[in-house]
Structures are given as structure tokens and as C-alpha cells.
Amino acid sequence: MIVIGSTGLVGATLVRLLAAHPGISDVICPGRRPTAPISPNHRPVQIDFEDLETVNPEIFKAETLVSAMGTTLKKAGSPEAFRHIDFDLVFQFCKKAKSYGVQRMVLVSSEGASPRSRILYLKVKGDLENAIAELGFESFQILKPSLLIGDRQESRPLERFAMQMVAPLRHLFRGPLAAHRPILATDVASAAANAVLRPVQGIQIYSGDRLDQLARL
Ligand SMILES: NC(=O)c1ccc[n+]([C@@H]2O[C@H](COP(=O)([O-])OP(=O)(O)OC[C@H]3O[C@@H](n4cnc5c(N)ncnc54)[C@H](OP(=O)(O)O)[C@@H]3O)[C@@H](O)[C@H]2O)c1
């Protein structure tokens, strides 16, 4: 099992769930900075995402890859830098993993992601979904959460404002609005762990009620 984005809000919970699962022997976590292992089967590895040729091929030897990697436009600094991280770096990693024989992929993407979106964030996520689909993993499960609810160390004022306004109204997001319902980052992590543990053939997309159900399997 490989997890990229393992130090993020979703990724860190996911890694805790996977590392505690008796059926999972290895949770390899390539990241851009050094981190300490949380259990004997957790293997954080510092790598250069810009130069995967320098990465020890051993880290790609796994059945499944999960990506919860991504940044924000503000942190990236420009639209080009955002696309470089959220598309190029993630896609190149997935491509490399596929070439080493990884057969299953779970992607934490976003509700509304579409190559046709006029919103940069959603377009980049949509382009990434399509590009990974074309790699032809035997199982490709795409999780499409709306606004993530959770405690962040860093300040994201707009996200915090949206969370405070919308999270208490979660129950109103039903029927056609379900896909836009804010979701706990811990639920997205549970859904990703369940997707890993119960791989399904072909491409599967989870959003709204379906994503909630996957979290509660
Ligand atoms: N925030 C939302 O409301 C929301 C809604 C829908 C979908 N999503 C998507 O869901 C996914 C998970 O979100 P999240 O909030 O858990 O993310 P997050 O907390 O921002 O964590 C992002 C992860 O990506 C890594 N990362 C960022 N830039 C990197 C780079 N240049 N090279 C290598 N690693 C890099 C981070 O590593 P470091 O710890 O080293 O920074 C971290 O592990 C993301 O793809 C996000 O876009 C978010």
C-alpha cells in the first residue's frame, strides 16, 4: 500500500486507519519532508516528487496507491504552480507506480471536478481524474468530497468561514444537493480506507450519499 499526501488532513487519518488494520502489512508514505513512523508497518519515505528517477523503485512495489495529495492556489502561489503540484506531480507519481505494477488506485478528488470547469481548482482535478483513468488501472476509485470539515494547523480563512457557515446546515444537503454536503475529513479517510480494503473492478465514483455509505461500510 502506498499513500501520497499522507501528512494532510485526510491523509494522516487514512494512514492511522490503514496502519492499525491487521490485514495491511506495509503502509509506504512517500512525502516531501521527513516524518516519523507511527507504527511498525508505517514507512514514511522522503522523496523528490520533481525527480522520480532518483526514487528507490522499492517504494512502488505495492498493489494499491492512494492519493490525498494536493495544495491550494494560495499556497502554490500561481495558477501554473497549482497545476504543477495538483496535476503534474500527482499524475507522474501515479504513472510511475502503474509502470511498476500497481493495479489499484484510490484518488481523493473533489466534488465538481471536471475538465470543462471554468474554475481552475475543479478543472485541474477533472483533468487529473481523466488522465489517471487513461492509465488503465484495473480498479480506479474516485472519491469526490465537497467542503472538508476538520481541524487544520494552517490558516485557511475562506475555508474556515465556509465551514462555520455551512457545516451546521449539513442535514439540509439532501437529494440533488447531497453531493455538495460538507463532509468530515475523517469520513473521507474512512471511505478511502474502505475503498482500499474492498477494491472494485473498473472505475467507480463516490460522491454525496454514496461517499457517506462508503465511509460507513
Ligand atoms: N479542503 C477541502 O475542502 C477539499 C475539498 C474537496 C477536495 N479536497 C482535496 O482532497 C485532498 C485532500 O485534502 P486535504 O485537505 O487532506 O489536503 P491537505 O491537508 O492540504 O494535505 C495535502 C497533502 O499533500 C501534500 N503536498 C502538498 N503539496 C505537495 C508537494 N508540492 N509535494 C509533495 N506533497 C505535497 C502535503 O504534504 P505536506 O504535509 O508536506 O505539506 C499533504 O500531505 C486534496 O487533493 C484536496 O485538494 C479538499
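Residues numbered from 1 in each chain as written. Predicted model: local features only at pLDDT ≥ 70, side-chain atom pairs only at ≥ 80, totals over all residues.

**Digging into the overall build of the protein**
Rule in force here: Think of it this way: any DSSP run of H or I at least four residues long counts as a helix, any run of E at least two long counts as a strand, and we number them from the N terminus. For the radius of gyration, the atom set is restricted to C-alpha positions; the globular benchmark scales as 2.2 Å times the number of residues to the power 0.38. The exposure scheme places C-beta atoms from the backbone and then counts, for each residue, the other C-beta atoms within 10 Å of its own, assigning buried at 20 or more, exposed at 12 or fewer, and partly exposed in between.
Of the regular secondary structure elements, the protein holds seven helices and nine strands. Relative to the 2.2 N^0.38 estimate, which gives 17 Å for 217 residues, the radius of gyration of the protein is 16 Å and therefore close to what a compact globule would have. Reported as C-alpha extents along the three principal axes, the dimensions of the protein are approximately 45 × 40 × 35 Å. Out of the 217 residues belonging to the protein, those deemed buried represent 37%.

**Observations regarding the site of the ligand**
As a reminder of what qualifies: Nearness between a residue and a molecule or strand is assessed with a C-beta atom placed from the backbone; a distance within 6 Å qualifies. Note on residue categories: nonpolar means Ala, Val, Leu, Ile, Met, Phe, Trp, Tyr, Cys or Pro, charged means Asp, Glu, Lys or Arg, and polar means any other residue, Gly included.
Taken together, 24 residues sit near the ligand, with Thr7, Gly8, Leu9, Val10 and Gly70 positioned nearest. Where the shell around the ligand is concerned, the elements lending two or more residues are helix H1 (9–19) and helix H3 (79–99). Among the residues forming the shell around the ligand, the class breakdown is 12 nonpolar, nine polar and three charged.

**Brief notes about helix H7 (residues 208–215)**
Applicable threshold: Here the arc refers to the directions that run from the helix axis out to each C-beta atom.
Residues of H7 that are buried: Gly208, Leu211, Leu214 and Ala215. Buried positions in H7, seen along its axis, are confined to an arc of 120 degrees and lie on one side of it.

**Some points on helix H4 (residues 120–135)**
The line we're drawing: A helix is expected to span 1.5 Å multiplied by its residue count minus one. Contact between two residues is assigned whenever their backbone-derived C-beta positions fall within 7 Å.
For H4, with 16 residues, the first-to-last C-alpha span of 23 Å sits near the 22 Å given by 1.5 Å per residue. Residues of H4 that are buried: Val124, Lys125, Gly126, Leu128, Glu129 and Ile132. On its buried face, H4 sits against H3, strand S5 (104–108) and strand S6 (139–143). A positive phi of about 75 degrees marks Gly136, the residue just after H4.

**Points about the nonpolar core**
Convention followed: Residues of type Ala, Val, Leu, Ile, Met, Phe, Trp, Tyr and Cys that are buried and joined through C-beta atoms within 7 Å form what is called a nonpolar core.
Of all hydrophobic cores here, the largest spans 52 residues; its most connected members are Val3, Val10, Leu14, Leu143, Val188, Ala191 and Ala192. It is helix H6 (residues 185–197) that provides the largest number of residues to this core, a total of eight residues. Not counting residues within four places of it along the chain, the set of residues in contact with Leu14 comprises Val3, Val66, Ala68, Ala189, Ala192 and Ala193.

**Focus: the pairing of S6**
For clarity, the cut-off: Note: two strands are recorded as paired if DSSP finds a minimum of 2 bridges between them. Throughout, right-handed denotes a crossover for which the path from the first strand over the helix to the second runs clockwise when the strands point away from the viewer.
When you tally the buried positions in S6, you get four out of five residues, the bulk of the element. Bridge analysis of S5 against S6 gives five bridges, and the strand direction is parallel. Along S6, the bridge assignment pairs Arg104 with Ser139. Regarding the hand of the β-α-β motif, the stretch spanning S5, H4 and S6 is right-handed.

**Some points on the packing of H3 against H4**
A pair of packed helices is characterised by two quantities: the angle between their axes and the separation of those axes. Put simply, the rule is: Think of each axis as a best-fit line through the C-alpha atoms, taken over the contacting stretch in the case of a helix, with angles from 0 to 180 degrees between the N-to-C directions. Here is the rule for angles: anything less than 35 degrees is roughly parallel, anything more than 145 is roughly antiparallel, 65 through 115 is roughly perpendicular, and the remaining ranges are oblique. Left-handed describes a crossing whose near helix is turned anticlockwise from the far helix by less than a right angle; the clockwise case is right-handed.
Axis separation between H3 and H4 bottoms out at 10 Å; the angle between their running directions is 15 degrees. Judged by the angle between their axes, H3 and H4 are roughly parallel. Pair H3 / H4 crosses with right-handed handedness. Contacts from Pro79, Phe82, Arg83, Asp86, Phe87, Val90, Phe91, Cys94, Lys95 and Lys98 in H3 reach Leu120, Val124, Lys125, Asp127, Leu128, Ala131, Ile132 and Leu135 in H4. Residue classes in the contact of H3 with H4 are distributed as 12 nonpolar, no polar and six charged.

**Overview of the environment of Thr186**
Mapping Thr186 onto the fold places it in helix H6. Along the primary structure Thr186 and Thr13 are separated by 173 residues, whereas in three dimensions their C-alpha atoms are 6.3 Å apart. The contact partners of Thr186, leaving out residues within four places of it in the chain, are Thr13 and Gly150.

**Thoughts on the environment of Leu197**
Here Leu197 lies in helix H6. Assessed through the 14 C-beta atoms surrounding it within 10 Å, Leu197 is described here as partly exposed. Remark: the alpha-carbon pair of Leu197 and Leu18, spanning 179 residues in sequence, is separated by 9.2 Å.

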